[in-house]
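Observations on the model geometry
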Amino acid sequence: MRAILEPPPAPPGTAPAAAVPLDRPRLAGAFELACLVRATALTRPSATRTIRSPWFGPDPGVVEFNVEAAARRTAQLLRYLDVPAYQEASVAGLRRRYELYRIIVPEAHRTAYSTLVGVAWQQGRASVLSTVALGTTAPANTWRLRMAGAAWRGVLLTAGRHMRKHILGVRVTDQDLATVLVRGAQLLDAHASLVRRGGSFLISVPNGPAAGRLLRGAQLCDAAVPESTAGGRQP
C-alpha cells in the first residue's frame, strides 16, 4: 500500500538546495528529523527497523520502521521541511506478523535531503552541547531547550522507551547521540545516567518528576512543526 505524502518529484536537477545555516524554526524540525533517523539507523532491529539512512548504505533516502508513530512523525517533519516523500506499508513476518512502514524520498531530492539532515545535526548538536551561559529568558536559551526536546522526542519515538519501575530510558549505539541526549536531559532539568552495555548505550532518568519534566520538554517541538497543506506550510 502506497500513500503519497507530497506531489510527484520535479525533474532531476530542480530540487531546491537546503538553506545553510538553517533558521531556528526550520532547524527545530530538521534536528528532530536528524535525531529520529540517526537513532533509527543505529538502533537494534528488534526495536525499530531500518534499511538505509543518510549515514549508511548507498541509498540515503529510504527508511523503514515497525513503529507507526515514528513513520507518521517522519512524514510530518518532511512535509514541514518541504521534502517530497511517499510512504509504503506492508505486512511481514511468518509466525509473528507485524506491519512495516517505509518512508521514501525520491531520487531527485535525496542530495538536498541528506544535506538538510546533515546540516541540522551539526547545528542542533552544537546548540545542545554548547556551554555558553544563557539567561533563562533569552531567546537563544529557549531555542536550546527546543533542540534538547527535539532530540529526546525523536529518539523516544524511534528507539522506544525502556520503562522500568524506577527509570525511563532509551537505548542507542552511537556515543555522539548518547552525549546529546544526556546534555539535553540536563537542559530540561532531568539528570540522566549513561551506561554502556555491550555495543549500546542506555540513557536513563529516574521515574517521577524528572521523567515528567523530560517528557514535557520533548513535547515543546510540536508547535514548531505544524502540519502543512498540499500547497505549502500552514501559517
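Please refer to the structure higher up on the page.
Since the structure is predicted, the reported quantities are computational estimates derived from the model, not experimental observations. (Residues numbered from 1 in each chain as written. Predicted model: local features only at pLDDT ≥ 70, side-chain atom pairs only at ≥ 80, totals over all residues. Heavy atoms only, no water.)

Further remarks concern the pattern of salt bridges. In total, this model carries eight salt bridges according to the counting rule given. Salt-bridge contacts for Glu88 lead to Arg102; the nearest nitrogen and oxygen are separated by 4.0 Å. With Glu88 in strand E3 (residues 86–92) and Arg102 in strand E4 (residues 98–104), the pair connects residues that are 14 residues apart, well separated along the chain. Close ionic contact of Arg110 with Glu107 constitutes a salt bridge, the shortest N to O distance being 3.4 Å. Using a relative accessible area of 8% as the deciding quantity, one classes Arg110 as buried. Bridged by salt links that share partners, the residues Glu32, Arg73 and Arg153 form one connected network. (Salt bridge = Lys/Arg side-chain N within 4 Å of Asp/Glu carboxyl O. Helix = DSSP H or I, 4+ residues; strand = E, 2+ residues; numbered from the N terminus. Buried < 20%, exposed > 50% of the residue type's maximum accessible area, 1.4 Å probe, protein only.)

This part is about the nonpolar core. Counting residues in hydrophobic clusters, the biggest one holds 60 residues, and the most contacted among them are Phe31, Trp152, Leu181 and Ile203. For Trp152, the contacting residues outside a window of four places in its chain are Val170, Leu181, Gly184, Ala185, Ile203, Leu214 and Ala218. (Core = buried A, V, L, I, M, F, W, Y, C linked by side-chain atoms within 4.5 Å. Contact = heavy atoms within 4.5 Å.)

Glancing now at the environment of Asn66. Relative to the elements of secondary structure, Asn66 occurs in the loop between strand E2 (62–65) and helix H2 (68–80). The partly exposed category is assigned to Asn66, whose relative accessible area is 25%. Put simply, Asn66 and Ser90 are 24 residues apart on the chain and 9.9 Å apart in space, counted from C-alpha to C-alpha.

In short, the description is geometric, and any link to function would need to be established separately.
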